[in-house]
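# Commentary on secondary and tertiary structure
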Amino acid sequence: ALAFLTRPRAARIPLKGRHVFITGGSSGIGLALATAAAREGARVSILARNAARLEDARAAIRLATGQDVGVHQADVRDAAAVASALDAAGPVDVLVCNHGVFVAQELEKQDMEEVKWMVDINLMGTFHLIKAALPAMKARTRETSLPASIAIMSSQAGQVGVYGYTAYSASKFALTGLAESLQHEVVSDDIHVSLIFPPDTETPGLVEEKKKRPELTTIIADSSGGMKADDVAMKALTGIKSGRFIIPCNFEGAMLAIATSGLTPQSSPLIAFVEVIGAGLMRFVALCFQWNWFSTIENWCAKNKKHG
Ligand SMILES: NC(=O)C1=CN([C@@H]2O[C@H](COP(=O)(O)OP(=O)(O)OC[C@H]3O[C@@H](n4cnc5c(N)ncnc54)[C@H](OP(=O)(O)O)[C@@H]3O)[C@@H](O)[C@H]2O)C=CC1
Ligand SMILES: CCCCCCCCCCCCCCCC(=O)[C@@H](N)CO
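Our subject in this report is the structure included herewith. This is a predicted model, so every value here is computed, not measured.

## Focus: a nonpolar patch on the surface
A cluster of nonpolar side chains, contributed by F273, V274, V276 and I277, occupies part of the molecular surface with about 390 Å² of accessible area. Position of I277 relative to the elements: it lies in helix α11 (residues 269–306). Overall, the relative accessible area of 57% leaves I277 in the exposed class.

Okay, here's the thing in structure tokens:
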């Protein structure tokens, strides 16, 4: 029955010879993705703000793969700049909206400016990209009759709220609503939407974040094992190529995906089976995690009051 029910239908999305456009491709997970896609023979374009870091990335990718990537300097908050970058790059087969910013802080202490900044880049930036890329992507899938992909970089903090991540989690949860609705709208064009959910990943961004991340944020985030950018990139590319809607990256992520499967699209009958069977058990495991997190927060707050 599940083989009949699962939608959208499973797909194979080839990368070789196709145009893969990656935002935030100059650092961390984006750079690892760009390198892996170039290695698989894709034509890769990367976009970010800082021109020097883009050139460094281009040189690093050439050294690692022998391939030359296209670089585009733009801020994803600037819709016009995003549109002209996509114009210059040409029609895209695989759009990876990976750019993102994160500063962990209790809402009470975080400036609204910083909240707005995260929402503008992580959420609105993704809207700008998809709006600008979609018309040419649709035309291209009609022309080539090959399936295309729009992949969005979320985070495990986009599956569960975490102390210190009110703004960041909100910006990432919002991407789920965008992705689910978008999948309805592009399914008939053979475009597959993917949401990628990494845990803490060793990147320049994480090094920065850790300098001022609240202790409780780190304790809770440590419930999920950390990863290397290259491993996240491999998981992401494998998921994109199979047209998976939800792409977990580690074991805890696989459990989170089952616990939060709700009404998400699912193209794999096998994973659908695990979701149906695992739902009750995973809800129980989730309650254990929540109990542990709330206990940790209570104890931490009690201790820190005593010491003044
Ligand atoms: N590292 C982690 O622990 C995790 C990261 N993620 C997500 O993965 C993605 C990548 O993270 P990571 O590799 O750590 O990040 P990095 O900080 O290492 O890299 C971020 C990239 O995004 C670009 N970028 C940032 N802001 C903008 C902007 N306004 N316009 C265009 N490009 C921009 C940066 O370039 P420039 O600054 O030059 O513009 C850079 O290339 C993010 O979406 C993040 O939320 C998810 C889970 C865990
Ligand atoms: C049902 C079972 C549940 C199983 C385990 C749940 C573990 C959840 C941990 C949440 C970790 C959030 C990390 C965010 C990383 C990130 O995005 C920042 N580094 C910014 O980039």
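## Quick word on the site of ligand 2
In the vicinity of ligand 2, 21 residues are found, and the nearest of them are S155, Y165, Y168, D200 and E209. Between ligand 2 and E209 there is a distance of 2.9 Å, counted from a nitrogen atom to a side-chain nitrogen or oxygen. When the free accessible area of ligand 2 is taken as 610 Å², the share hidden by the protein chains comes to 96%. The set of elements that each furnish at least two residues to the shell around ligand 2 consists of α7 (204–212), α10 (251–259) and α11. Here the element with the most residues in the shell around ligand 2 is α11; it accounts for five residues. Of the residues that constitute the shell around ligand 2, the class distribution is 14 nonpolar, four polar and three charged.

## Comments concerning the sheet that holds strand β4 (residues 94–97)
One open sheet holds the seven strands; their spatial order is β3-β2-β1-β4-β5-β6-β9, and the pairing between them is parallel. Since the sheet does not close on itself, it has two edges, and those belong to β3 (70–73) and β9 (246–248), each with one partner. The average undirected angle you get between the axes of adjacent strands in this sheet is 20°. Strand direction decides the pairing type here: strand β5 (residues 148–153) and strand β6 (residues 191–197), joined by six bridges, are parallel. Bridge assignment links A148 to a residue of β6, and that residue is I191. Sitting on the sheet, helix α9 (residues 229–241) touches β4, β5, β6 and β9, and the angle it makes with β9 is about 155°.

## Points about the site of ligand 1
Neighbouring ligand 1 are 32 residues; S26, S27, R49, Y168 and T203 lie closest to it. In this structure, S26 approaches ligand 1 through a side-chain N or O atom, which is 2.7 Å from an oxygen atom. For ligand 1, whose free accessible area comes to 890 Å², the fraction covered by protein is 95%. Considered class by class, the residues forming the shell around ligand 1 number 14 nonpolar, 13 polar and five charged.

## A look at the side chain of S268
Position of S268 among the secondary structure elements: in the loop between α10 and α11. On the accessibility criterion, S268 (6% relative accessible area) is buried. For S268, the contacting residues outside a window of four places in its chain are T6 and R244.

## A word on the nonpolar core
As a rule of thumb, nonpolar side chains are buried together in soluble globular proteins. Counting residues in each nonpolar core, the largest one holds 45 residues, and the members touching the most others are F21, L95, L129, I130, M137, I150 and I152. The biggest single contributor to this core is helix α5 (residues 112–144), with nine residues. Once residues within four sequence positions are removed from consideration, M137 is found in contact with V92, D93, L95, A148, S149, I150 and I191. One finds A11, A32, V44 and L54 within the second-largest nonpolar core, a separate group that totals 34 residues.

## Overview of the pairing of strand β1 (residues 19–23)
In terms of residue burial, β1 counts as a mostly covered element, since five of its five residues are buried. Neither face of β1 is exposed, since H19, F21 and T23 on one face and V20 and I22 on the opposite face are all buried. Direction of pairing for β1 relative to strand β2 (residues 43–48): parallel, over a ladder of five bridges. Each residue of the ladder has a partner; that of I22, found in β2, is I46.

Reading the values: the criteria
- Residues numbered from 1 in each chain as written.
- Chains lettered and ligands numbered in written order.
- Predicted model: local features only at pLDDT ≥ 70, side-chain atom pairs only at ≥ 80, totals over all residues.
- Heavy atoms only, no water.
- Patch = residues over 30% accessible without salt bridge, like charges linked within 9 Å, V, L, I, M, F, W, Y side chains within 5 Å.
- Areas by Shrake-Rupley, 256 points an atom, 1.4 Å probe, with all protein chains shown as cover.
- Salt bridge = Lys/Arg side-chain N within 4 Å of Asp/Glu carboxyl O.
- Helix = DSSP H or I, 4+ residues; strand = E, 2+ residues; numbered from the N terminus.
- Buried < 20%, exposed > 50% of the residue type's maximum accessible area, 1.4 Å probe, protein only.
- Near = heavy atom within 4 Å.
- Polar contact = N/O pair within 3.5 Å; in protein donor to acceptor, adjacent residues only side chain to side chain.
- Nonpolar A, V, L, I, M, F, W, Y, C, P; charged D, E, K, R; others polar.
- Pairing = 2+ DSSP bridges.
- Axes fitted to C-alpha atoms, helices over the stretch in contact; angles between N-to-C directions.
- Contact = heavy atoms within 4.5 Å.
- Core = buried A, V, L, I, M, F, W, Y, C linked by side-chain atoms within 4.5 Å.

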